[in-house]
Amino acid sequence: MTTTNNERYLDVITYAVSAGITSTAEVGQRLSVGLANVLSAAAEELGQDLSYRVLLGNPLHVEYLIIETVVDGVVVPVDFTNGFAQVDGVVANTTLPTFITFNKEGTYIFTIELIEPNSTNVLAKDIEIAQVVGLF
C-alpha cells in the first residue's frame, strides 16, 4: 500500500498544552490566562476523555493565589488539594478561560498537564513561571 506524505502526517498522534501565564505579574492584579490544548487530527479521533492537572512547584503557594475558571458561563474558584487541581471534561482543541490573582510577591512555578482522567497517562506537559512583584 502506498501512502502520501499527507496521509502519514494525519496518522501522527500529537498533543500540546499551555497556560500562557505571563512571566511578570503584580500582586493583587487579576490576570486573564487560558488553559489551552491542541490535538492532531489522529489524536482527536481517539475520542479520549481529557483533563487538565495543574501542579504548584511549591504547594504552600496555594495560600497566596486565587485561580478561577469558567464553568457553564459562571466564574468559579479552582480548588487545590495536596498541591494540585484538576479540571475534567476538557474539550479537544479549545481554550478554557482562566484567571489568576497572586496575593504575595515571589516566584510561582506551575506544571500544566493534559491527562487522561482515569489513568496516570500524561499526554502533554507545560511548565510556566511567574515572577510576582509588588505594585509600583
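Up top is the structure these notes are about.
Residues numbered from 1 in each chain as written. Predicted model: local features only at pLDDT ≥ 70, side-chain atom pairs only at ≥ 80, totals over all residues. Heavy atoms only, no water.

Caption draft 1: Layout of the nonpolar core. Membership of the largest hydrophobic core comes to 34 residues, with the highest contact counts inside it found for Tyr52, Leu65, Phe80, Phe102, Phe110 and Leu114. Going through the elements one at a time, β1 (15-18), β3 (30-39), β4 (50-56), β5 (65-71), β7 (84-90), β8 (95-102), β9 (106-115) and β10 (122-133) are the ones with two or more residues in this core. Not counting the four nearest positions on each side in its chain, leucine 114 is found in contact with Tyr15, Ala16, Val17, Asn37, Leu39, Leu50, Ser51, Tyr52, Asn121, Val122, Leu123 and Ala124. (Core = buried A, V, L, I, M, F, W, Y, C linked by side-chain atoms within 4.5 Å. Buried < 20%, exposed > 50% of the residue type's maximum accessible area, 1.4 Å probe, protein only. Helix = DSSP H or I, 4+ residues; strand = E, 2+ residues; numbered from the N terminus. Contact = heavy atoms within 4.5 Å.)

Caption draft 2: Structural context of empty space enclosed by the protein. Applying the stated criterion across every chain yields a total of one cavity of 30 Å³ or more. Its volume calculated, the largest cavity comes out at about 130 Å³. Broken down by secondary-structure element, the contributors of at least two residues to the lining of the largest cavity are β3, β5, β7, β8 and β9. Class assignment of the residues belonging to the lining of the largest cavity gives a composition of 14 nonpolar, two polar and no charged. (1 Å grid on protein atoms, 1.4 Å probe; cavity = no way out; pocket = protein on both sides within 12 Å on 5 of 7 lines; lining within 4 Å. Points joined across faces, edges and corners; volume = space filled by probe spheres on them. Nonpolar A, V, L, I, M, F, W, Y, C, P; charged D, E, K, R; others polar.)

Caption draft 3: Spatial organisation of the packing of aromatic side chains. With the rule as written, the count across this model stands at two aromatic pairs. Here the aromatic rings of phenylalanine 102 and tyrosine 108 are separated by 4.7 Å at their centres, their planes lie at 50°, and the arrangement is tilted. Like phenylalanine 102, the residue tyrosine 108 is buried in the burial classification. Taken together, the ring pairs connect Phe102, Tyr108 and Phe110 into an aromatic cluster. Note that arginine 30 overlies the ring of phenylalanine 99, its terminal NZ or CZ placed 4.2 Å from the centroid. (Phe/Tyr/Trp six-rings, centres within 6.5 Å; stacked < 30°, edge-to-face > 60°. Lys NZ or Arg CZ within 6 Å of the ring centre and 35° of its normal.)

Caption draft 4: Summary view of the sheet that holds β4. An order of β2-β10-β9-β4-β7 is seen for the five strands of this open sheet, with the pairing classed as mixed. Across the chains shown, the open sheet's two edge strands, defined by having one partner strand only, are β2 (24-26) and β7. The mean inter-strand angle of the sheet, taken between neighbouring strand axes irrespective of direction, is 25°. Two elements, β4 and β9, share six bridges in a ladder whose sense is antiparallel. Directly across from serine 51, in β9, lies its bridge partner isoleucine 115. (Pairing = 2+ DSSP bridges. Axes fitted to C-alpha atoms, helices over the stretch in contact; angles between N-to-C directions.)

Caption draft 5: The pattern of salt bridges, seen in detail. By the definition in use, this model includes two salt bridges. For arginine 30, the salt bridge identified is with glutamate 68, shortest N-O distance 3.0 Å. On the criterion of sequence distance, the pair formed by arginine 30 in strand β3 and glutamate 68 in strand β5 is long-range, its members being 38 residues apart. Residue class for arginine 30 comes out partly exposed when judged on its relative accessible area of 46%. (Salt bridge = Lys/Arg side-chain N within 4 Å of Asp/Glu carboxyl O.)

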